[in-house]
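Chain by chain, the residues run as shown.
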Amino acid sequence: MKKVIMGTVAGIATGYFLRKIQERAYFHEMCDDISGLGFKAKKKFKNAMDRGMNEAEYIKDQVESKANK
């Protein structure tokens, strides 16, 4: 019975805490920050992949140029 009461109290406290955070719009700001970080990471990853592909194409062209000579 003691565990049930403690669980209920913890649940109510957590709910109250989350509601207060929501009222102050912290969730919205956190979501925007996380979303922005996701977009930045995606862009950086894409740029790295493009640089890698460009470097691979450059090396391929250099090998073909040396092989044709």
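Residues numbered from 1 in each chain as written. Predicted model: local features only at pLDDT ≥ 70, side-chain atom pairs only at ≥ 80, totals over all residues. Heavy atoms only, no water.

S.K.: Got a sec to walk through the overall build of the protein chain? Specific residues and values, please.
M.R.: Along its length, the protein chain carries two helices and zero strands. Across the 69 residues that make up the protein chain, the buried fraction comes to 1%. Surface summary for the protein chain: the accessible area is close to 6,700 Å², and the carbon and sulfur share equals 64%. (Helix = DSSP H or I, 4+ residues; strand = E, 2+ residues; numbered from the N terminus. Buried < 20%, exposed > 50% of the residue type's maximum accessible area, 1.4 Å probe, protein only. Areas by Shrake-Rupley, 256 points an atom, 1.4 Å probe, with all protein chains shown as cover.)

S.K.: Give a detailed account of a nonpolar patch on the surface, specifying residues and quantitative values.
M.R.: Where nonpolar side chains cluster on the molecular surface, the patch consists of M1, I5 and V9 and spans about 350 Å² of accessible area. When you line up the elements, M1 lands in the segment before α1 (2-23). (Patch = residues over 30% accessible without salt bridge, like charges linked within 9 Å, V, L, I, M, F, W, Y side chains within 5 Å. Salt bridge = Lys/Arg side-chain N within 4 Å of Asp/Glu carboxyl O.)

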